[in-house]
Amino acid sequence: MNKEVPGRIISMIKKKCPNCHIGDMYTNKSIFPLGKMMDMPERCPHCGQKYELETGFWFGTGYISYGLSVGIVIALAVLFHLVYGFSWKDNSVFIFLGIMVSILAILQPYLMRISRVIYLYIFVKYDKGTSLKKC
Ligand SMILES: [Zn+2]
């Protein structure tokens, strides 16, 4: 395998094209400005892989985002239980809800972006040939 091309997980974290692992999936590397955080080129700038495979393709990212959110809530609940502990005798449940909602609100832009990446990686497989190609 070509050492210059990162693996699947690294490429997903860096939000690279699933086909070549080189081209960026998002126009902006950062989530700021928030209004443009979901801007994507129509095709991969390196290999030409189409990103929105069909009209309404991104609808399915809602399920990925939901799954990730549930996972985060469960992880937070376990962490909160270990650090603070749940009890019906005090306000710990409400403190947990406040912390959970705050953290999910802060993470939401990242969840939306990574959900699209994960969703596209499910449908588009890595093609070694296109990543070796010079553009
Ligand atoms: Zn590509």
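Use the structure listed above.
Residues numbered from 1 in each chain as written. Predicted model: local features only at pLDDT ≥ 70, side-chain atom pairs only at ≥ 80, totals over all residues.

Asks: Can you walk me through helix 2 (residues 61-83) in this structure?
Replies: Three- or four-residue spacings in an α-helix give side chains the same orientation, since the helix completes a turn every 3.6 residues. A rise of 1.5 Å per residue sets the reference length of helix 2, with its 23 residues, at 33 Å; its end C-alpha atoms lie 32 Å apart and thus fit the reference within 8%. Counted residue by residue, helix 2 has zero buried out of 23 residues, so it is predominantly exposed. One or two residues past the end of helix 2 sits G85, with phi positive at roughly 90°. (Helix = DSSP H or I, 4+ residues; strand = E, 2+ residues; numbered from the N terminus. Expected span 1.5 Å × (residues − 1). Buried ≥ 20, exposed ≤ 12 C-beta atoms within 10 Å, placed from the backbone.)

Asks: Can you help me understand unusual backbone geometry in this one?
Replies: Here F32 and P33 are connected by a cis peptide whose omega angle stands at -5°. One non-glycine residue, H21, adopts positive backbone phi at about 60°. Examined against the element boundaries, H21 turns out to sit in the loop between helix 1 (8-13) and helix 2. With 24 C-beta atoms packed within 10 Å, H21 lands in the buried category.

Asks: I'm lost on the packing of helix 2 against helix 3 (residues 92-123) in this one. Help?
Replies: The geometry of helix 2 relative to helix 3 is characterised by a closest axis approach of 8 Å and an angle of 145° between their N-to-C directions. The interaxial crossing formed by helix 2 with helix 3 has right-handed handedness. When helix 2 is examined against helix 3, the residues T61, I64, S65, L68, S69, I72, V73, L76, A77 and F80 are found in contact with a partner set consisting of F96, I99, M100, I103, L104, L107, L111, M112, S115, R116, I118 and Y119. Here the residues of the contact of helix 2 with helix 3 sort into 17 nonpolar, four polar and one charged. (Axes fitted to C-alpha atoms, helices over the stretch in contact; angles between N-to-C directions. Left-handed = near helix turned anticlockwise from the far one by under 90°. Contact = placed C-beta atoms within 7 Å. Nonpolar A, V, L, I, M, F, W, Y, C, P; charged D, E, K, R; others polar.)

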